[in-house]
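Below, each chain spelled out in residue letters.
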Amino acid sequence: MGQSDAFQRVGRPATDGYRPRARKTAATPRSSTDAIRTYSYAPTQDVQQLWRRLVFNLLITNVDDHLQNHGFLHVAHGQWRLAPAFDINPFPDKDRESRTWLSEQDGPITDVQMLLARASYFKLDEAQALAVLAEVHVAVANWRQVALSPEVGLRQADLGDFAPAFEHEQMGAAARRLGR
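Residues numbered from 1 in each chain as written. Predicted model: local features only at pLDDT ≥ 70, side-chain atom pairs only at ≥ 80, totals over all residues. Heavy atoms only, no water.

Q: Would you take a moment to explain the nonpolar core for this structure?
A: Looking at soluble globular proteins, one finds that nonpolar side chains tend to be buried together. Counting 34 residues, the largest nonpolar core has Trp51, Leu59 and Leu115 as its most contacted members. Elements with a minimum of two residues in this core: helix H3 (43-59), strand S2 (79-82), helix H4 (112-117), helix H5 (126-141), helix H6 (143-148), helix H7 (159-166) and helix H8 (169-177). Ranked by the residues each element gives to this core, the list is headed by H3, at seven residues. (Core = buried A, V, L, I, M, F, W, Y, C linked by side-chain atoms within 4.5 Å. Buried < 20%, exposed > 50% of the residue type's maximum accessible area, 1.4 Å probe, protein only. Helix = DSSP H or I, 4+ residues; strand = E, 2+ residues; numbered from the N terminus.)

Q: Sorry, what's going on with unusual backbone geometry here?
A: With glycine set apart, most residues show a phi of negative sign, and most peptide bonds adopt trans. Backbone geometry places Thr61, a non-glycine residue, at a positive phi of 55°. By the element assignment, Thr61 lies in the loop between H3 and strand S1 (72-76). A positive phi angle, near 55°, is found at Asp87, a position not held by glycine. Judged by its relative accessible area of 35%, Asp87 falls in the partly exposed class.

Q: Help me out: how do you make sense of the layout of surface pockets in this one?
A: Leftover empty space is mapped by rolling, across the atoms, a probe with the size of a water molecule. Looking at the largest pocket, its volume works out to about 270 Å³. Every residue lining the largest pocket is counted, 13 residues in all, and those nearest its centre are Pro90, Trp143, Val146, Ala147 and Phe166. Those elements that place two or more of their residues in the lining of the largest pocket are H5, H6 and H7. Sorting elements by how many residues they give to the lining of the largest pocket places H6 first, with three residues. Its residues assigned to classes, the lining of the largest pocket comprises 13 nonpolar, no polar and no charged. (1 Å grid on protein atoms, 1.4 Å probe; cavity = no way out; pocket = protein on both sides within 12 Å on 5 of 7 lines; lining within 4 Å. Points joined across faces, edges and corners; volume = space filled by probe spheres on them. Nonpolar A, V, L, I, M, F, W, Y, C, P; charged D, E, K, R; others polar.)

Q: Explain H3 to me, please; I cannot follow it from the model alone.
A: Along an α-helix, a turn takes 3.6 residues, which lines up residues three or four apart on a common side. Here H3 spans 24 Å end to end across 17 residues, near enough to the 24 Å set by a 1.5 Å rise per residue. Listed as buried for H3 are Asp46, Val47, Leu50, Trp51, Arg53, Leu54, Val55, Asn57, Leu58 and Leu59. (Expected span 1.5 Å × (residues − 1).)

Q: Help me understand the pairing of S2 in this model?
A: Regular strands place side chains that alternate from one sheet face to the opposite one. What you see with S2 is a clean split: Trp80 and Leu82 sit on the buried side and Gln79 and Arg81 on the side with no burial. Bridge analysis of S1 against S2 gives four bridges, and the strand direction is antiparallel. Bridge pairing in S2 links Phe72 to Leu82. Taking the residues between adjacent antiparallel strands as the criterion, S1 and S2 are bridged by two residues, where His77 takes a positive phi near 45°. (Pairing = 2+ DSSP bridges.)

Q: What am I meant to see in the packing of H3 against H5 here?
A: Two quantities define a packed helix pair, namely the angle between the axes and the distance from one axis to the other. Remark: H3 packs on H5, axes separated minimally by 10 Å, with the N-to-C direction vectors making an angle of 40°. Accordingly, the angle class assigned to the pair H3 and H5 is oblique. Here H3 and H5 pass one another in a crossing that is right-handed. Where H3 abuts H5, its residues Gln48, Trp51, Arg52, Val55, Phe56 and Leu59 lie against Gln128, Ala129, Val132, Leu133, Glu135, Val136, His137 and Val140. The residue inventory of the contact of H3 with H5, partitioned by class, reads nine nonpolar, three polar and two charged. (Axes fitted to C-alpha atoms, helices over the stretch in contact; angles between N-to-C directions. Parallel < 35°, antiparallel > 145°, perpendicular 65-115°, else oblique. Left-handed = near helix turned anticlockwise from the far one by under 90°. Contact = heavy atoms within 4.5 Å.)

Nothing here speaks to function; it is all geometry.
Written out as structure tokens, the structure is:
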């Protein structure tokens, strides 16, 4: 269930026949973290996972990342958990402009430094944020091996078409920030 629909439903029994309606929201990850802190079964884990996903989406050029792509699962008595990630797509042929606004003041997510500067709002101190950035950076830097794996099945000849989504200035900025 999408973020806005999940939080509209809070407090209603799972079998009440509620059917979510599609609608546009002006939510930001910061407003989502506020809702997670209120309704999540494990708020710290969920807000930290949301930050990890924001970093990952930036580093793979998922410019179609918006908050309706961060769903929630009802676990018990009006409590929710961040659902497994879904609808994650690298866009090698798109401008690197995220649809996700970090906050009303910050605007769209544009760079690693912006995410690091706001990590504390996601319950991460600097060391924790850098550790997450390092983990995500290593995973994304390994994209060619993952793409060629049997699970993904990309052909060697097609790697060049996808390279711009994974090999770009923000990957370099992350590497420099991590001292690599």
